[in-house]
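Each chain, letter by letter, is given below.
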Amino acid sequence: MTLHIYNTLTRQKEVFKPIEPGKISMYVCGITVYDYCHIGHARVLVAFDVITRFLRSQGWDVNYVRNITDIDDKILNRADENGELYSDLTQRMIDAMHEDEQELGILPPDMEPRATAHMDEIITMVQILVDNHYAYATDNGDVYYRVSRFPEYGKLSNRNPDDLLAGARVAVGDIKEDPRDFALWKGAKSGEVSWESPWGPGRPGWHIECSAMSTCCLGDTFDIHGGGPDLPFPHHENEIAQSEAATGKKYVHYWMHAGAVRVDDEKMSKSLGNFFTIREVLKKYHPEVVRYFLLSSHYRSPISYSEDNLMEAKGGLERFYTALRPFAAVSAASLGDLKGSEYYQRFVGSMNDDFNSREALAVMYDLVREINTVAKTDIKQAEGLVAELKAMGAVLDILGTDPEAFMQGSSLVDGANSLEAEQIEALIADRVAAKKARDFSRADAIREELLSQGVVLEDSREGTTWRRE
RNA sequence: GGCGCGGUAGCAAAGUGGUAAUGCAGUGGACUGCAACUCCUCCAUCGUCGGUUCGAUUCCGACCCGCGCCUCCA
């Protein structure tokens, strides 16, 4: 089956053609580590995690690089506010980010380069640009990219360079030749952290670190470059300008951008201050609910973070886990054994179509219905289908929780005022006794009491099970 | 103003030139001591107006509405 990817550069879905057969080199813009990661970050992280997992499941040899930007004005400002060393701040935030990723089931990238560990490559690239007149140094030790020298500027974000000129902000006393020019290197003011360079002590501008790190990890040209919704302009546009001017080669074949996370119809962003950190959200919702929520829309569509939508995600997962509950012992099928399965074919087809995870989930729900139907008459066959469902879940890294644990514990926090499992079990035992004595009013009273505590009982031939609403 | 994305059932969300997946909620039924779960059933003329076509939600145009980028933000 053919892989199709929507390419921001061409604004259309394209057949994916790797540079090297069977291999995919992918660079995703990671986090600038000056604060905790929010749900918007989580979306990008989860999207590319699922993309990587799926591609690998189909036999692609993926080399996944995601950088950490650990030097930047915002980092310095925040460290200053906190009265701590910038490197202490970034290390703290990197540790926190790794914790968040682990909670959400995000695999580490193959390489996680840090800007401060690649100063030599950054300076070398700036030097090349200066040597080729694509950049110029100013008296204060800054170095700027000369946008007018790069005629293709604007090709990713579909902007006309002249319009950009008209719209560009011109700061008073600007030392740039052209308002569109952007900083490659910023000369240090006294007391600021700095690195030695041919232009004096300073630090890199925002965009150059990604050009330098992607090139040194993946080469001058690589397959996929990804990132968040606000990166095409100016960040990725500038990366193209820097890299293609420095190497003379095409920088990236496929550009991929995730959609925005919204709150109350507005983009969640640092500048609006309407963001929710991952750790904050995980106090309210099971990690798998968050992951499922992010997968229940196409990665490029905008999604709304809201209580309703998260609860809906929980409800959707419960349908899966309800079906899986009697089959906890069944393990996932190996994908190689599923080649002939119609469900698996559809699942792969959906994911190959620009990673349509929502459609892939719809296939899994169809499978759930068949499992529930078949389970009534043919356990053996049902087990086969369950193994298949778990295999698909594993590709997306969902459905890996013990079903019983998920059903009984997926409602976090309300834990404070709710019953302990032992109390619930005790009440169930009372109710079983009441039922045996055919004292149904007592049995119903117990059920009602538990329900009022958010606990739902389910009787079956095998006995009574419970779950939290 | 420039560039781009989107408007599909109560909500969420896929998709297709031949009258529309899936999940939650809702309807009716089977099952159940009663429920829950499960299964079956029902529930949308796909923003508006034109055009192309034998036929459009799907293609084209106009319009209305929402959103994003254009400045730091994933």
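What this report covers is the structure whose coordinates are included nearby. Every value quoted in this text rests on a predicted model; they were computed, and no experiment measured them.

Each helix and strand in chain A was counted, giving 16 helices and 15 strands. Burial status across chain A gives 52% buried among its 469 residues. In chain A, of all internal contacts separated by at least 6 residues, the share reaching a separation of at least 24 is 74%. With the model as given, the accessible surface of chain A reaches about 21100 Å², and the carbon-plus-sulfur share is 49%. If you average the places of the 51 positive and of the 75 negative side-chain charges in chain A, the two averages end up 4 Å apart.

What follows deals with the packing of helix α11 (residues 342-352) against helix α13 (residues 379-396). The angle between the axes and the distance between the axes are what describe a pair of packed helices. Between α11 and α13, whose axes approach to 10 Å, the crossing angle comes to 15 degrees. Compared by their axis directions, α11 and α13 come out roughly parallel. When the axes of α11 and α13 are compared, the crossing they make is right-handed. For the pair formed by α11 and α13, the contact residues are Y343, Y344, F347 and M351 on the first element and E388, M392, V395 and L396 on the second. Taken together, the residues of the contact of α11 with α13 sort by class into seven nonpolar, no polar and one charged.

Around RNA strand B sit 58 residues in total, of which K74, W206, G228, M268 and R447 are the nearest. The sugar-phosphate share of atoms of RNA strand B within 4 Å of the protein amounts to 67%. One of the side-chain nitrogen or oxygen atoms of R319 is found 3.3 Å away from a phosphate oxygen of RNA strand B. Within the side chain of K376, an N or O atom sits 2.9 Å from a sugar or linking oxygen of RNA strand B. Looking at the surface near RNA strand B, the element that brings in the most residues is helix α12 (residues 357-374), giving eight residues. Here the residues of the surface near RNA strand B sort into 14 nonpolar, 20 polar and 24 charged.

The next thing to look at is unusual backbone geometry. Of the consecutive residues F233 and P234, the connecting peptide bond is found in the cis state with omega at 0 degrees. Structurally, P234 can be placed in helix α7 (residues 232-247). In this structure, D265 takes a positive phi of about 70 degrees despite not being glycine. Unlike most non-glycine residues, D354 shows phi in positive territory, near 55 degrees. Structurally, D354 can be placed in the loop between α11 and α12. Classification of D354 as buried rests on a relative accessible area of 0%.

Take the pairing of strand β7 (residues 183-187) next. For a regular strand, side chains alternate in direction, first toward one face of the sheet and then toward the other. Where burial is concerned, most of β7 is hidden: four out of the five residues are buried. Here strand β6 (residues 143-145) pairs with β7 via two bridges, running antiparallel. Of the residues in β7, the one forming a bridge with Y144 is A183. Bridging between β7 and strand β8 (residues 202-204) involves three bridges; their strand directions are antiparallel. The residue of β8 that forms the bridge with W185 is P204.

Let us now look at helix α3 (residues 86-103). Counted at 1.5 Å a residue, the expected span for α3 with its 18 residues is 26 Å, and the 26 Å between its end C-alpha atoms agrees. Once α3 ends, the next one or two residues include G105, with phi positive near 75 degrees.

Turning our attention to the layout of surface pockets. For the largest pocket, the calculated volume is near 950 Å³. Lining of the largest pocket is provided by 39 residues; of these, T32, H41, W206, D230 and L231 occupy positions nearest its centre. Looking at the lining of the largest pocket, the elements with two or more residues in it are β3 (23-32), α1 (39-57), β4 (61-69), α2 (73-82), β8, α6 (208-218) and α7. With five residues, the top contributor of residues to the lining of the largest pocket is α1. Residue composition of the lining of the largest pocket, grouped by class: 15 nonpolar, 13 polar and 11 charged.

Core analysis: the biggest nonpolar cluster contains 135 residues, and Y145, Y305, F320, F347, F355 and M364 have the highest contact counts within it. The leading source of residues in this core is α1, at 11 residues. Excluding its chain neighbours within four sequence positions, the residues that come into contact with M364 are F320, F347, L389, M392, G393, L396, I398 and L399.

Now for the environment of V374. Looking at where V374 falls in the secondary structure, it is placed in helix α12. Each C-alpha atom, one on V374 and one on V46, is 33 Å from the other, the two residues being 328 residues apart in sequence.

Quick look at the sheet that holds strand β11 (residues 261-263) now. Taken together, the three strands give an open sheet; going across it, the order is β12-β11-β13, and neighbouring strands pair in mixed fashion. Every interior strand has two partners, whereas the edge strands, β12 (266-267) and β13 (303-304), have only one. Pairing analysis gives two bridges linking β11 to β12, with the strands arranged antiparallel. Across the sheet, the residue bridging to R262 is K267, located in β12.

What follows is about the packing of helix α15 (residues 421-436) against helix α16 (residues 440-452). In the contact formed by α15 and α16, the axes pass within 8 Å of each other and the chain directions differ by 160 degrees. Classed by the angle they form, the pair α15 and α16 counts as roughly antiparallel. Viewed along their axes, α15 and α16 form a crossing whose handedness is left-handed. Facing α15, whose interface residues are I424, L427, I428, D430, R431, A434 and K435, α16 presents F440, R442, A443, I446, R447, E449 and L450. Residues of the contact of α15 with α16, tallied by class, amount to eight nonpolar, no polar and six charged.

Parameters at a glance
- Every chain begins its residue count from 1, and numbering advances along the sequence as written.
- Chains and ligands are labelled sequentially in the order written, the chains with letters from A and the ligands with numbers from 1.
- Thresholds applied to this predicted model are a pLDDT of at least 70 for local features of residues and 80 or more for the giving and counting of side-chain atom pairs; totals over whole chains, interfaces and linings are not thresholded and use all residues.
- Computation of side-chain values covers all heavy atoms of the structure but excludes hydrogens and water.
- Helix numbering and strand numbering both begin at the N terminus, where a helix is a DSSP run of H or I of at least 4 residues and a strand a DSSP run of E of at least 2.
- Any residue under 20% of the maximum accessible area for its type is buried, any over 50% is exposed, and the rest in between are partly exposed; the area is computed with a 1.4 Å probe on protein chains only.
- Here, residues are in contact when the closest pair of their heavy atoms is within 4.5 Å.
- Using a 1.4 Å probe, the Shrake-Rupley method yields the accessible areas, and only the shown protein chains count as cover for residues.
- Residues scored as charged are limited to Lys and Arg (positive) and Asp and Glu (negative), so that His and the chain ends carry no count.
- By convention, charge coordinates are those of NZ in Lys, CZ in Arg, CG in Asp, or CD in Glu.
- An axis is simply a line fitted to the C-alpha atoms; with a helix, the fit covers only the stretch in contact. Between two such axes, the angle follows the N-to-C directions and lies from 0 to 180 degrees.
- Put simply, angles under 35 degrees are roughly parallel, angles over 145 are roughly antiparallel, angles from 65 to 115 are roughly perpendicular, and the rest are oblique.
- Crossings are assigned a handedness: left-handed for a near helix turned anticlockwise from the far helix by less than a right angle, right-handed for a clockwise turn.
- All residues other than Ala, Val, Leu, Ile, Met, Phe, Trp, Tyr, Cys, Pro, Asp, Glu, Lys and Arg, Gly among them, are scored as polar; the first ten of these are nonpolar and the last four charged.
- Each residue is tested against the molecule or strand, and it is near if at least one of its non-hydrogen atoms lies within 4 Å.
- Identification of polar contacts relies on pairs of N or O atoms within 3.5 Å, with a donor-acceptor requirement for protein atoms, meaning one able to donate a hydrogen and the other able to accept it, and with residues adjacent in sequence counted only if both atoms are side-chain atoms.
- A pair of strands is considered paired only if DSSP assigns at least 2 bridges between the two.
- The span you would expect from a helix comes to 1.5 Å times its residue count less one.
- Cavities and pockets are defined on a 1 Å grid built over the protein atoms alone: a cavity is a set of grid points where a 1.4 Å probe fits but cannot escape, while a pocket is an open set with protein on both sides within 12 Å along at least five of seven lines, and lining residues are those with an atom within 4 Å of any such point.
- Grid points are joined across faces, edges and corners, and a volume is the space filled by probe spheres set on the points.
- Nonpolar cores are built from buried Ala, Val, Leu, Ile, Met, Phe, Trp, Tyr and Cys residues. Side-chain atoms within 4.5 Å join them into one set.

Keep in mind that these numbers describe shape and distance, not what the molecule does.
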